[in-house]
Amino acid sequence: MAEKTKVTAEEALAYHLEPTPGKFEIVATTAMTTQRDLSLAYSPGVAVPCEAIAEDPATAYDYTTKGNMVAVISNGTAVLGLGNLGALASKPVMEGKAVLFKRFADVNAIDIELDTEDPEEIIKAVKLMGPTFGGVNLEDIKAPECFIIEQRLKEEMDIPVFHDDQHGTAVICAAGLINALHLNGKKIEDCKIVLNGAGAAGIACLELVKAMGAKHDNCIMCDTKGVIYQGRTEGMNQWKSAHAAKTDLRTLEEAMVNADVFLGVSVKGAVTPEMVASMAEHPVIFAMANPDPEITPEGAHAVRADAIVATGRSDYPNQVNNVLGFPYLFRGALDIHARAINDEMKIACAEALAALAREDVPDEVAMAYGRKLSFGRDYIIPTPFDPRLIYVIPPAVARAGMDTGAARRPIVDMDKYEHDLKARMDPTASILTSISARARAAQARMIFAEGDDLRVLRAAVAYQRSGYGNALVVGREGEVREKLDSVGLGDAVRELEIVNAGNSRHLDAYRDFVYKRLQRQGFDMHDAHRLAARDRHVFSALMLAHGHGDGLITGATRKSAQVLQLINHVFDARAQDGAVGVTALLHKGRILLIADTLVHEWPDENDLANIAERAAGVARGFGLEPRVAFVSFSTFGYPVSERAEKMHLAPQVLDKRGVDFEYEGEMTVDVALNMGAMSKYPFSRLSGPANVLVVPARHSASISVKLMQEMAGATVIGPILSGVDKPIQICGMGSTVNDITNMALLAACKVG
């Protein structure tokens, strides 16, 4: 069972506050730098697409963002499990939904919170915004108003309108049910199905199950007052009435007898072990109440070992998670300029998800969950981080939309469409997800050397509470407690292991180790004791050297050169020892490694070859197949310069070594990164743009990294120290809490 991440109120607030309030921003996709750019983007050039759209409204999908823009709309009357918080308080959830659209399916989404509980006002407002968007995602609107609003908008608008609380849950539930019945050898049309929870999600689940073949007479819906039967008047409405059964059953307990399937979207504890025991052979139990299910998997299996159980929780197998559905449903619908998301498209999504779960699971997915996943009773639904979702689900949805006439612009070349879907996703997201998963599996004891810095302490708490392993903080307990108290994390002191020279029983061994290393470098025993006892960087390195931790994070409070000098009292991390610094830049969906950014001041051709080999190893640690470019201001000998000669010779050194990765040089950066520019040199050995740049000197590496960070807004990870016996990572002095945490994950994964 996956470990559940512990999140405190203070951490959640800090996440939404830093580095800027909220969770997303708007970024221009076209140049806005010259007067000509402005003339094209606005007046007078903008008049041309305006006239084209006025003449043919369908061209709005060509000339504007409409075709990749979804409105996430709520009035905050049913926020998560929190109830009616109002429109403004729902905004963090809606922003989160918008971010999920972008992260999982590259769909741009804008959150819109409407401050009204009047369905007519919401219908009017959303309808008036129709020209702006390619689709509408309704969210957290209470029943029965959500039914009224969605139905009217579907009738009156010509773009998809989708209430995810209803249909998102229904689609994932249907996918799991397909596979559960497949494993049990049952047919949906023969199954007795009991649903508890006659709200928006429950009604949508039963409607979709019936659309897939379940018989009305075999389906029993229950609410807080019991079975919804024909003739019942108490607590009824038109949506419940549509599912009223002709039956003498009156309670959930009675309905569960000999049931093949239970679908729960109700409350904790609604199902008892006795109810489960009364079900038919090989029962299917989807206890989807959040945060706590109607019955836990342990509770169900205690009385029925033959049960297949799913919940809404991430810490149990078979999670019914809406993020598996809505991003990909909208991706497929938007790409065919759909008029609606119909039942056939929802069923296609469910069937594609079910089929994907039956396929072999990629290693990176298994790694994320700490175990090998394969189709079976504990794996009937794909996981949210399966990289195949983006190019498997939207094509299935698009095909169904085209087959049912919902498409304005059908996709002609489906193979190309699938290829384009693979290409449009940000590879850095999956890389960081993989790093996170590997770190969680490693469970490394991470030493955080600078326990006097609040950023470091917060990163240590995040590391510990996220389930990556144990955080060992070097510092004084009183000072650590005081600093954590100042940000509301005082309770975390009990979770962290706080170590220092005063409470370490290993100090004498540490002192002797330092003395043995440095006694012929002018250090006496007193000097060795002072280093071991008083310098936390040296003390932390000694902990690592003696196996009292698995990795070390330092550098947030001192310059990297100074930290490296201190670490060299304990480890061999100099240029002549084979150490290298590699910095990762993440920008606009690309990841680029630059070396050496830490150790070598002015490397020669042999050093450059060593740097290339180390950097290639780091690239593989990120899951990349390395393509190394030795970059300079000249390309393949022109212009001729003595300063570029070593960049020309370094590839020849690698030729003699027979390395197992692609490399080429010397070349300018544009040739290395742009295949159009590289095409002028057909003899180049690189099969694609370089993802590792080896630069002539440390100063040029530093300039390159800082320029990309400041001017382009690239995310910087590193420098990553490679070539040292133990995992040591040195953060920059300007590192954020997230930066420090990322470096800890790299150390845990032994990237470097």
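Quick notes on the rules
Residues numbered from 1 in each chain as written. Predicted model: local features only at pLDDT ≥ 70, side-chain atom pairs only at ≥ 80, totals over all residues. Heavy atoms only, no water. Salt bridge = Lys/Arg side-chain N within 4 Å of Asp/Glu carboxyl O. Helix = DSSP H or I, 4+ residues; strand = E, 2+ residues; numbered from the N terminus. Buried < 20%, exposed > 50% of the residue type's maximum accessible area, 1.4 Å probe, protein only. Expected span 1.5 Å × (residues − 1). Contact = heavy atoms within 4.5 Å. Pairing = 2+ DSSP bridges. Arc of directions from axis to C-beta. Polar contact = N/O pair within 3.5 Å; in protein donor to acceptor, adjacent residues only side chain to side chain. Axes fitted to C-alpha atoms, helices over the stretch in contact; angles between N-to-C directions. Core = buried A, V, L, I, M, F, W, Y, C linked by side-chain atoms within 4.5 Å.

Visitor: Tell me about the pattern of salt bridges, residues and numbers included.
Guide: Inspection of every chain in the model, using the stated rule, returns 44 salt bridges. Where Lys186 meets Asp260, a salt bridge forms, and the shortest distance between an N and an O atom there is 2.9 Å. Note that Lys186 is positioned in the loop between helix 8 (164-184) and strand 5 (193-196) and Asp260 in the loop between helix 11 (252-255) and strand 8 (261-264), a separation of 74 residues in sequence. With its nearest N and O atoms 3.1 Å apart, the salt bridge here joins Asp343 to Lys346. Of this pair, Asp343 and Lys346 both sit in helix 15 (residues 343-357), three residues apart, which is roughly one turn of the helix. A relative accessible area of 36% places Asp343 in the partly exposed class. Judged by relative accessible area, which is 5%, Lys346 ranks as buried. Within this structure, Lys91, Glu95, Asp111 and Glu113 form a network of salt bridges that share partners.

Visitor: Residue-level account of helix 17 (residues 389-403), with values.
Guide: An ideal rise of 1.5 Å per residue puts 21 Å on 15 residues; helix 17 measures up with 21 Å between its terminal C-alpha atoms. Along helix 17, the residues that are buried comprise Leu389, Ile390, Ile393, Pro394, Pro395, Ala396, Val397, Ala398, Ala400 and Gly401. Against helix 5 (91-105), helix 14 (326-335), helix 15 and helix 18 (414-424) lie the buried residues of helix 17.

Visitor: An account of the pairing of strand 16 (residues 590-595) is requested, with residue identities and associated values reported.
Guide: A large share of strand 16 lies buried, amounting to five of its six residues. As defined by bridge partners, strand 15 (residues 580-587) adjoins strand 16 across six bridges and the pair is classed as antiparallel. By the bridge assignment for strand 16, Thr583 is matched with Ile594.

Visitor: Explain helix 18 to me, and be specific about the residues and the numbers.
Guide: Along helix 18, the residues classified as buried are Met414, Tyr417 and Leu421. Relative to the axis of helix 18, the buried residues are bounded by an arc of 50° and lie together on one face. Residues of helix 18 that are exposed and angled more than 90 degrees away from the buried face: Asp415, His419 and Ala423. Residues of helix 18 that are buried make contact with helix 14 and helix 17. For helix 18, the side-chain oxygen to backbone nitrogen distance between the N-cap and Asp415 is 3.2 Å, and the N-cap itself is Asp413.

Visitor: Can you tell me about the side chain of His167, naming the residues and giving the values?
Guide: By secondary structure assignment, the location of His167 is in helix 8. Each residue touching His167, except ones within four places of it in the same chain, is listed here: Glu150, Phe162, Ala204 and Lys346.

Visitor: Hey, could you go over the sheet that holds strand 6 (residues 219-223) for me, with residue numbers and the actual values?
Guide: Sheets are built from strands that pair by backbone hydrogen bonding, the pairs being arranged parallel or antiparallel. The sheet built from six strands is open, its strands ordered 7-6-5-8-9-10 with mixed pairing. With one partner strand each, in any of the chains shown, strand 7 (226-227) and strand 10 (308-311) form the two edges of the open sheet. With four bridges connecting them, strand 5 and strand 6 associate as parallel partners. Bridge pairing in strand 6 links Asn196 to Cys222. The strands that helix 8 touches are strand 8, strand 9 (284-287) and strand 10; relative to strand 9, the one it contacts most, it runs at about 160°. Lying over the sheet, helix 9 (residues 200-211) contacts strand 5, strand 6 and strand 8, oriented at roughly 160° with respect to strand 5.

Visitor: How would you explain the nonpolar core if you had to name every residue and give the values?
Guide: Grouped together as the largest cluster of nonpolar side chains are 100 residues, with contacts concentrated most on Ile193, Leu263, Phe286, Met345 and Leu353. With nine residues, the single largest contributor to this core is helix 8. Excluding its chain neighbours within four sequence positions, the residues that come into contact with Met345 are Leu329, Ala333, Ile336, Ala338, Ala340, Val397, Ala400, Gly401 and Ala406. Core analysis: the next-biggest nonpolar cluster, separate from the first, contains 64 residues, Phe448, Ala471, Val493 and Cys731 among them.

Visitor: So what's going on with the sheet that holds strand 13 (residues 497-499)? Residues and values would help.
Guide: On the basis of which strands lie adjacent, the open sheet formed by five strands has the order 13-12-11-14-21 and parallel pairing. Whereas interior strands pair on both sides, the edge strands pair on one side only; in this sheet they are strand 13 and strand 21 (728-730). Sheet twist, expressed as the average angle between the axes of neighbouring strands with direction ignored, equals 20°. For strand 11 (residues 446-448) and strand 14 (residues 551-554), the ladder comprises three bridges, and the chain directions are parallel. Within strand 14, the residue paired with Ile447 across the bridge is Leu552.

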